[in-house]
Amino acid sequence: MKSHIPGFPRIGAGRELKKALESFWKGEISERKLHETASEIKAENWRIQKESGLTHVAVNDFSLYDHVLDTALMFGFIPERFKRITDPLDLYFAMARGSATKDIRPLSMKKWFNTNYHYLVPEISSLSAVGLNPAKPVLEAKEAFRSGFNPKPVILGPITFLSLCEADGCSPWDFTEDLTAAYIKLIESLSPYCEWIEIDEPLLASDMSKDAWLNFIPVHRKIKDSTDVRLMIASTCGDAGDNTELAFETGYDAFHTDLTKTDTFTHITNHMPDHMLISAGIVDGRNIWKTDCRKAYTNLEQIASVIGREKIIVSSGSSLLHVPVDLTYETDLQADVKNKMAFAVQKCSEIAELTKAFEEECVSQLPEADYHHPKSAPVIYDESFLSRNSSRKKRKEIQTRTLNLPVMPTTTIGSFPQTKEIREQRTRFKNGKLSSDSYEAFIRKQIESVISLQEELGLDILVHGEPERNDMVEYFAEYLDGFAFTKNGWVQSYGSRCVKPPIIHGDVSRPSPITVKWFKYAQSLTAKHVKGMLTGPVTILQWSFSREDIPYADVCAQIAFAIREEVQDLEKNGCRIIQIDEAAFREGLPLKKADQEDYLKTAVKCFRIASSGISDMTQLHTHMCYSEFNSIMEHIDAMDADVISIEASRGGMKLLEVFKKYQYQGDIGPGVYDIHSPRVPSSEEIHKLIRQALEYISPDQLWINPDCGLKTRNNEEAVPSLKNMAKAASVIRAETTKDSVAG
Ligand code: GLN
Ligand code: ZN
């Protein structure tokens, strides 16, 4: 093997998979048609890899929904609640999405390591037994083999798989032996069709648990000893760093690691066993920029000078799953930006070109990196940009006096249902079929109805409902300088869900106010306070493809200053309560503890740049979707928000445990109803959750709000739910006043 990739995007250049899945779920196409589409995408992906010049093509990287789900099913990890479903495809989608007709909840979903992809969490219990149904990978390998490709199956490794499992009443490691035996059989079934098999252990790039660490070498040695097929152990979510030694000890024939963020290679070259090859991931599978091929070439030379040229395989660091498919579709992108970019198809060619140049020892074949961004000066700021005037305690006194809020105020997280009508009108406006005046009039109407609805419901702090926003990041990006947008740059988030991240290609700045007009209109309709709603710098950066020629911290600070101007403009226009959403704050946390501190410091600083330029009277809220704060509580505190709202309803408020241990002084709004579900919670149920929250948080710190924005719900669900929330709040208030009078 000379060149390969750990995986190609699954959705197809025209999102064919998404369309086929959604049509199948609606009953519009047959199962056969769905499989046909899948086969076409796979064949096309293999063709692209081969025609680019890669020596091997990845197979089994494709999935109808998710590769972790595929792995769980292959080894027979089917939770009891699904066992009454007999049809295999029904079972597959029920595990992925739940079954409304059978009232079965799906597997839960989590972020795949440090990426924006989400996988389904396998469940293991004492009732589980390891099985093996290798049909999917075997059929794919066979198909690729017969069609004249050189297939390299990609399999999720046993140690990562077990580490990702949620175990009930047992330890995942109880299954190690049986699972190892199943992997051995799987490899045996694949062996007629391939020369190489890649076994992914992305866990190598993170801090491993003791169990994972202890099992790693014995399990892989056993697998290796059982076969003559050449095996590659792969660290596909970052450089294996200190865990490289583990990979070396497996006895495998090759070691793949992501070297795109690595400058020194001694951890690879120093102890690499003689028999082993290195698959050097030097093309970045996580960004959309062209590779500096000459620099990559030099890096390959550096490794080769120690271990020998013949031992090098060229690859991308990670699967290309995380980038869009093909740049050639981007006919509208400005040339100076497009010239710097590469999507999956282009990255395959880069790998092939690098391989050829390296083989022929001819660096001059490779393009010079003339496409790099002009460097910009780092953002300079001093402490004065990081702090409010007074402490949170002092601010609370001032705000309590001036904002006139009841105890345990009610509010929402910002968006109201994005109805079909709203989406249609926006599309018409974007396609030039609706004038800007008519569109704005339409948006004003939406704001009017959301404001009057909230007044009827008796909520305390109102929002304008965000009807003008397509997406909480894209909307802001469209109004900021330094961003570009693709037409077709879709990346899979989970299942059929795709996102189209904006691209930060230059210095970010805010030419003019973004949200002020809508805030002012909403505020003009009511005597209650309307919350100004913004997206924070960390989230904007996390959900975009960012330039990489200047440090992360500088890009983040540029965005932060742009948001700071917006915050100050809102305040100048009478906004007394401003929420800056940092939905992705926790999500951006690096995998390794050693890297987390740096990230958190930068993230907190940038949030403070964005949020601190206001008077003590203005109340600052933030919202985060993730609430597993245990290890980062002091950083959440350091953000210095007056009020923080978080997701908490699903775990029955148990996540609030941390607020008992950690003396947090700010106000907290733990979501009291789960907006991710279409179910309308009763007021008794919400009341119970508020009661539970009060076990952790005192009444004068508690806010009452849903878990997250309501944009994905419809009015039939959102309105009664909010009504029940408001009712529960008034009952609680009456009870606590009584309690305090009695007490
Ligand atoms: N304000 C945003 C909304 O309500 C927050 C969304 C989010 O946290 N993901 O839609
Ligand atoms: Zn949220």
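Rules of the game
- Residues numbered from 1 in each chain as written.
- Chains lettered and ligands numbered in written order.
- Predicted model: local features only at pLDDT ≥ 70, side-chain atom pairs only at ≥ 80, totals over all residues.
- Heavy atoms only, no water.
- Helix = DSSP H or I, 4+ residues; strand = E, 2+ residues; numbered from the N terminus.
- Buried < 20%, exposed > 50% of the residue type's maximum accessible area, 1.4 Å probe, protein only.
- Contact = heavy atoms within 4.5 Å.
- Areas by Shrake-Rupley, 256 points an atom, 1.4 Å probe, with all protein chains shown as cover.
- Lys, Arg positive; Asp, Glu negative; His and termini not counted.
- Charge placed at Lys NZ, Arg CZ, Asp CG, Glu CD.
- Near = heavy atom within 4 Å.
- Polar contact = N/O pair within 3.5 Å; in protein donor to acceptor, adjacent residues only side chain to side chain.
- Nonpolar A, V, L, I, M, F, W, Y, C, P; charged D, E, K, R; others polar.
- Pairing = 2+ DSSP bridges.
- Axes fitted to C-alpha atoms, helices over the stretch in contact; angles between N-to-C directions.
- Donors = N, O, S within 2.8 Å, 3.2 Å for Na, K, Ca; no water.
- Tetrahedral: all angles 85-135°; square planar, octahedral: opposite > 155°, others 65-115°.
- Right-handed = clockwise from strand over helix to strand, strands pointing away.
- Patch = residues over 30% accessible without salt bridge, like charges linked within 9 Å, V, L, I, M, F, W, Y side chains within 5 Å.
- Salt bridge = Lys/Arg side-chain N within 4 Å of Asp/Glu carboxyl O.
- Phe/Tyr/Trp six-rings, centres within 6.5 Å; stacked < 30°, edge-to-face > 60°.
- Parallel < 35°, antiparallel > 145°, perpendicular 65-115°, else oblique.
- Arc of directions from axis to C-beta.

K.L.:
What is the right way to read the overall build of the chain from this model?
P.N.:
Across its full length, the chain carries 25 helices and 20 strands. Residues counted as buried form 60% of the 743 residues belonging to the chain. For the chain, the proportion of contacts with a sequence separation of at least 24, taken over those separated by at least 6, is 77%. As displayed, the chain has an accessible area near 30100 Å², and 50% of this comes from carbon and sulfur atoms. Placing the 88 positive and 105 negative side-chain charges of the chain at their respective mean positions leaves the two points 4 Å apart.

K.L.:
Any chance you could explain the site of ligand 1 here in plain terms?
P.N.:
Taken together, 13 residues form the shell around ligand 1, and within it S415, E466, D581, H623 and G709 come nearest. The backbone of I413 places a nitrogen or oxygen atom 3.1 Å from a nitrogen atom of ligand 1. Here a nitrogen atom of ligand 1 sits 2.6 Å away from a polar atom, N or O, in the side chain of D581. In the complex, 94% of the free accessible area of ligand 1, which totals 300 Å², lies under the protein chains. The residue inventory of the shell around ligand 1, partitioned by class, reads six nonpolar, four polar and three charged.

K.L.:
What's the story with the environment of I697 in this structure? I'm lost.
P.N.:
Relative to the helices and strands, I697 resides in the loop between α24 (683-694) and α25 (715-742). Under the relative-accessibility criterion, I697 is labelled buried at 1%. Each C-alpha atom of the pair I697 and P670 lies 9.6 Å from the other, and the pair is 27 residues apart in sequence. Excluding residues that lie within four positions of it along the chain, I697 makes contacts with L656, I668, P670 and L702.

K.L.:
Before we go on, may I ask you to explain the sheet that holds strand β18 (residues 619-624) in this structure?
P.N.:
Across the sheet, which stays open at both edges, the five strands sit in the order β16-β17-β18-β19-β20 with parallel pairing between neighbours. The open sheet has two edge strands with one neighbour each: β16 (531-535) and β20 (667-670). Neighbouring strand axes in the sheet, compared pairwise and without regard to direction, differ in orientation by 20° on average.

K.L.:
Would you mind going over the coordination of the zinc ion (ligand 2) with me for this structure?
P.N.:
Around a metal, the idealised angle for a tetrahedral arrangement of four donor atoms is 109.5 degrees; for an octahedral arrangement of six donor atoms it is 90 or 180 degrees. In the first shell of the zinc ion (ligand 2), the protein supplies H623 (NE2), C625 (SG) and C708 (SG), at 2.1 to 2.2 Å from the metal. Between the four donor atoms coordinating the zinc ion (ligand 2), the angles at the centre fall across 83 to 120°, so the site counts as irregular. Going along the chain, you hit the donors of the zinc ion (ligand 2) in the pattern H-x1-C-x82-C. One end of the pair, C625, is in the loop between β18 and α22 (633-638); the other, C708, is in the loop between α24 and α25, with 83 residues separating them in the sequence. Taking relative accessible area as the criterion, C625 reaches 22% and is therefore assigned partly exposed.

K.L.:
Looking at this structure, how should I read the side chain of T269?
P.N.:
Mapped onto the elements, T269 comes out in helix α10 (residues 266-269). Residues contacting T269, with those up to four places away along its chain left out, are I303, V306 and I307.

K.L.:
Can you walk me through the pairing of strand β19 (residues 643-646) in this structure?
P.N.:
Every other side chain in a regular strand lies on the same face of the sheet, so the side chains alternate between the two faces. Neither face of β19 is open: one carries V643 and S645, the other I644 and I646, and all of them are buried. As paired strands, β18 and β19 are joined by four bridges and run parallel to one another. Opposite H621, over in β19, you have V643 as the bridge partner. Handedness of the crossover is the feature at issue here: the chain leaves β18, passes through α22, returns alongside β19, and the resulting connection is right-handed.

K.L.:
I'm lost on unusual backbone geometry in this one. Help?
P.N.:
Where the residue is not glycine, phi is negative for most of them; where a peptide bond is considered, it is trans in most cases. Unlike most non-glycine residues, E466 shows phi in positive territory, near 55°. Position of E466 among the secondary structure elements: in the loop between α16 (436-457) and α17 (474-479). For E466, a relative accessible area of 7% translates into the label buried. In this structure, D640 takes a positive phi of about 65° despite not being glycine. By secondary structure assignment, the location of D640 is in the loop between α22 and β19. Assessed through its relative accessible area of 15%, D640 is described here as buried.

K.L.:
Would you take a moment to explain a negative patch on the surface for this structure?
P.N.:
Where like charges cluster on the molecular surface, the negative patch consists of D207, D595, E597, D598 and E634. Looking at the negative patch, the element that brings in the most residues is helix α21 (residues 593-611), giving three residues. For D207, the position within the fold is in the loop between β7 (196-200) and α8 (210-225).

K.L.:
Whenever I open this one, the packing of aromatic side chains confuses me. Can you help?
P.N.:
For any pair of aromatic rings, geometry is given as the distance between the ring centres together with the angle between the planes. Scanning all chains against the criterion turns up 21 aromatic pairs. On the numbers, 5.8 Å between centres and 90° between planes, the contact of F77 with F175 is edge-to-face. Highlighted residues: F77 in the loop between α3 (67-74) and α4 (88-97) and F175 in the loop between β6 (166-168) and α7 (176-190), separated in sequence by 98 residues. Taking 5.9 Å as the distance between ring centres and 55° as the angle between the ring planes, the aromatic pair formed by Y381 and F561 counts as tilted. With Y381 in the loop between α13 (344-359) and α14 (392-403) and F561 in helix α20 (residues 552-572), this residue pair connects regions lying 180 residues apart in the sequence. Taken together, the aromatic side chains of F24, W25, Y65, Y92 and F93 make up a single cluster linked through ring pairs.

K.L.:
Help me understand the packing of helix α1 (residues 16-25) against α4 in this model?
P.N.:
Describing two packed helices takes the angle between their axes plus the distance from one axis to the other. Look at α1 against α4: their axes get within 13 Å of each other, and the N-to-C directions meet at 105°. The orientation of α1 relative to α4 falls into the category roughly perpendicular. Counting all contacts with α1, which are made through L21, F24 and W25, the residues of α4 involved are L89, F93 and R97. Among the residues forming the contact of α1 with α4, the class breakdown is five nonpolar, no polar and one charged.

K.L.:
Where do I start with the sheet that holds strand β8 (residues 230-235) in this structure?
P.N.:
Note on sheets: strands pair through backbone hydrogen bonds, and any given pair is parallel or antiparallel. Read across the open sheet, the seven strands follow the order β1-β5-β7-β8-β9-β10-β11; overall the sheet is parallel. Every interior strand has two partners, whereas the edge strands, β1 (57-59) and β11 (312-316), have only one. For this sheet, the mean angle separating the axes of adjacent strands, direction not counted, is 30°. Direction of pairing for strand β9 (residues 254-258) relative to strand β10 (residues 277-283): parallel, over a ladder of five bridges. Within the sheet, the bridge partner assigned to A254 lies in β10 and is L277. In the packing of α7 onto the sheet, the strands contacted are β5 (151-156), β7 and β8, and the crossing angle to β5 comes to about 165°.

K.L.:
What's the story with the pairing of β16 in this structure? I'm lost.
P.N.:
Most of β16 is tucked away: five of the five residues are buried. The alternating pattern of β16 places K531, M533 and T535 on one face and G532 and L534 on the opposite face, and all of these are buried. By the bridge criterion, five bridges tie β16 to strand β17 (residues 577-581) in an arrangement that is parallel. If you follow G532 over to β17, its bridge partner there is I578.

K.L.:
What is the right way to look at helix α18 (residues 516-524) in this model?
P.N.:
Residues spaced three or four apart along an α-helix point in a common direction, a consequence of the helix completing one turn every 3.6 residues. Buried residues of α18: V516, W518, F519, A522 and Q523, and no others. Seen end-on, α18 carries its buried residues on one side only, within an arc spanning 165°.

K.L.:
Whenever I open this one, the side chain of K592 confuses me. Can you help?
P.N.:
Relative to the assigned elements, K592 resides in the loop between β17 and α21. Although buried, K592 forms no salt bridge, and the nearest oppositely charged side chain, D207, lies 5.8 Å from it. Not counting residues up to four positions away in its chain, the partners in contact with K592 are L204, A205, S206, D207, D239, A240, G241 and D242.

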